[in-house]
Amino acid sequence: ALMQENEEKAKAQRDRLKKVLDEKIAEHQGRVLQNYGDGTLSIFGSAIESVKCAIAIQAELQNEPKIPLRIGLHMGDVVYDDEGVYGDAVNIASRIESLSVPGAVLISEKLYSEISNQPDLSARSVGKFELKNVKQPIEVMAITTHGLTIPKPDEIDGKGKTAYRSIAVLPFLNMSADAENEYFSEGITEEIINALTKVEGLQVTSRTSSFAFKGKNEDIRTLGQKLNVSTILEGSVRKAGKSVRITAQLINAVDGFHFWSENYDGTLDNIFKLQDEISRKIANKLIDQLSIEKCGCGSAKVTAPLVTASTTDMDAYNLFLKGLYYWNRWTKEGAIEAIGYYEEAIRLEPQFAKAHARMADCYVFLAAMGFMKSRIAYSVAKECAAKGMKIDPECPECYISTGFVKVFYEWDWNGAKLAFEKAIELSPSNSAAYFGYSYYLVGAGDIKGATESIEKARSLDPFGLPVNLYLSMYYLRDGKYKEALGLLNGILEYEPSFRQALECKGWVYYYLGDMYTALTIAKEVHKAAGGGNRGLTTLGYFYAKSGEEEKALEVIEKLKQREKEESDNTVLFDLALNYLGIGDKDKALYYINRFTVERSGGSIFLKVDRLWEELRDDPRFQEIIKKVGL
């Protein structure tokens, strides 16, 4: 097109492009194998160098006169001779380049696995694609560092056939006369989300991220970009007595077009039938509309039930939905309130598997956050999960709860692996299953695998607070400070009161060597916790490391006082860290041993957490590691 408009300008730009490519490829130990028109095929001996070269090329071409260039990268075996270069890897690289947009660098998931440990190279998925003449779908990643262009869904749409499509289910509006029925509309939404996660080939955004936009009235296209989905489901619930009307509509997130809408009328007595009918119609509509070729039943359409009646007692189900409402607040008070509703639901319907599973979740949460003694909470959680699984052996929530108990309480790594893998098999889009699997991988010593698993969880739950927090902690461990800060700042922008994220941010600055900022943040954490004897752990450690030992000792005394005053909570981890801060390794090891005896949640991170680096070579520490089975 440019040649027709201005031949001289076109030739000048092509010459400049060739000069930049020749120079940058040589600088990064690459070799140009082929030139064709305004395109180039090159080969590199290093995955990292190939990506760095691509970044350097795009940076140079942003200078005037700007040249719009698409870049695609893949790795694999090739065959080349005097006439050219051949092989599957060449074909895939070419297909990925065709998906790209000017200023972007797109790479295959295989190549990303080779560069994911590089702190200055980050990427995010733009989708999984069925590429021409390529047997298996390929996940394509966009390099996000260095100001590169990241393709939007509508820019890629139509260039390649996506191997899966994605959907976010927004909170259904409560259209009932009684505002207190909010719990019911939220519960229906969550049940439909859980049903859709069973559809193979469909990626479903988790409840946490979908509900992050409740009541915010944002443009559907903006929501689609933020949640990285192609489709949005929204609807409403009207409940009057035992009568229920549910309205649902599917919207194309790229252009905002409403392509399906339907009303459903029923009663509480057939609520599960309604949920199943809605979920299957949505799944089948997406199969028709968006070319999903695989589904849970293994045929062109979903015919097997996605929702089965979890109880015949509607009063018990109502209590279950109220429990979900409070559990999803992710607070100590909310979890305790939820347990009360679940207990009442189980009293009315002892065979209610999901209620057993959700109650197990509450106890795991209370133990992991230090709100309840581990030996009490985990034993109850174990019993609840086992009961739920006995009632319904196909309940993914029961397997997730079991997996967490095996990780944190039993240190049964193989058992945890099997539990989380079964949960993923039953519910392939369940973020919590991948989140839990990352904990197992930490215990197994596979940090790279743990990071990849939690990144998968985040792709399903981009606004989930725990998912983002733990991913930032993994990045921190690997020295990816920029990425960790990016995640933490995102969390705090969305939820300023999430104290754990603020605390982790302090650790990032500590490891960056900025003690002043680290201390300032630790003081904010203490204030946010209500002052007194709470929220002192990092502050005491930072005081010690900055030479203010007297203040550090004061913190230790306050922690001991808190231990006396709050018998339900545990501060053994906090004391271990603060004694290590002042250099008292004997007492640090004493408290580490105690919190492993109590099966504190921090036990599984002992081998990999940078906090304990000073103790790595101590035989007593190694003995504790061995005891935990890491």
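Report follows, based on the coordinates. Here the structure is a predicted model, which is why all the values come from computation and not from measurement. (Residues numbered from 1 in each chain as written. Predicted model: local features only at pLDDT ≥ 70, side-chain atom pairs only at ≥ 80, totals over all residues. Heavy atoms only, no water.)

## Some words on the pairing of strand β1 (residues 30-36)
The cut-off we apply is this: We treat two strands as partners when DSSP finds at least two bridges between them. Here a helix means four or more residues in a row that DSSP labels H or I, a strand means two or more in a row labelled E, and each is numbered from the N terminus.
Pairing analysis gives 6 bridges linking β1 to strand β2 (residues 39-44), with the strands arranged antiparallel. Within β2, the position partnered with G30 by the bridge is F44. Counting the residues between successive antiparallel strands, the hairpin from β1 to β2 contains 2 residues, one of them, G37, with a positive phi of roughly 60°.

## Examining the pairing of strand β13 (residues 231-240)
Selection rule: Partly exposed residues are those whose accessible area sits between 20% and 50% of the maximum for their type, while under 20% is buried and over 50% is exposed, using a 1.4 Å probe and protein chains only.
In terms of burial, β13 is largely enclosed, as 7 of its 10 residues are buried. For strand β11 (residues 173-174) and β13, the ladder comprises 2 bridges, and the chain directions are parallel. In the strand pairing of β13, N174 is matched with V237. Sheet analysis places β13 next to strand β14 (residues 243-252), joined by 10 bridges and oriented antiparallel. Each residue of the ladder has a partner; that of S236, found in β14, is T247. Linking two consecutive strands that pair antiparallel, namely β13 and β14, is a turn of 2 residues; a positive phi of about 65° is found at G241 within it.

## What to know about the side chain of N91
Heads up, the rule is: Should any heavy atoms of two residues lie within 4.5 Å, those residues are counted as being in contact.
Along the chain, the position of N91 falls in helix α4 (residues 88-99). Sequence-distant contacts of N91, that is, excluding residues within four places in its chain, are made with K132, N133 and V134.

## Considerations on helix α22 (residues 515-528)
Stated precisely, the cut-off is as follows: Multiplying 1.5 Å by the residue count of a helix minus one yields the expected span of that helix.
In this model, α22 (14 residues) spans 20 Å end to end at C-alpha, consistent with the 20 Å of a helix rising 1.5 Å per residue. Contact partners of the buried residues in α22: α21 (499-511) and α23 (537-545).

## Considerations on the pattern of salt bridges
Heads up, the rule is: For this analysis, a salt bridge means a side-chain nitrogen from Lys or Arg found within 4 Å of a carboxyl oxygen belonging to Asp or Glu.
Counted under the stated rule, the structure contains 26 salt bridges. A salt bridge links K11 to D15, with the nearest nitrogen and oxygen atoms 2.9 Å apart. On the criterion of helical spacing, the pair formed by K11 and D15 is a turn pair, its members being 4 residues apart in helix α2 (residues 7-27). On the basis of relative accessibility, which here comes to 47%, the residue K11 falls in the partly exposed class. Between R245 and D265 there is a salt bridge whose closest N-O contact spans 2.7 Å.

## Some thoughts on the packing of aromatic side chains
Cut-off, in case you're wondering: For this analysis, a ring pair means two rings from Phe, Tyr or Trp (six-membered ring only for Trp) whose centres lie within 6.5 Å, classed as stacked if their planes differ by under 30 degrees, edge-to-face if by over 60, and tilted for the remaining angles. Note on criteria: charge over ring means Lys NZ or Arg CZ within 6 Å of the ring centre, with the direction from the centre no more than 35 degrees off the ring normal.
This structure, assessed with the given rule, holds 32 aromatic pairs. Ring geometry for Y590 versus Y591: centroids 4.9 Å apart, planes at 75°, classification edge-to-face. The ring of Y434 carries the charged tip of K456 above its face, separated from the ring centre by 5.7 Å. Sitting above the plane of the W411 ring, R599 keeps its charged end 3.8 Å from the centroid.

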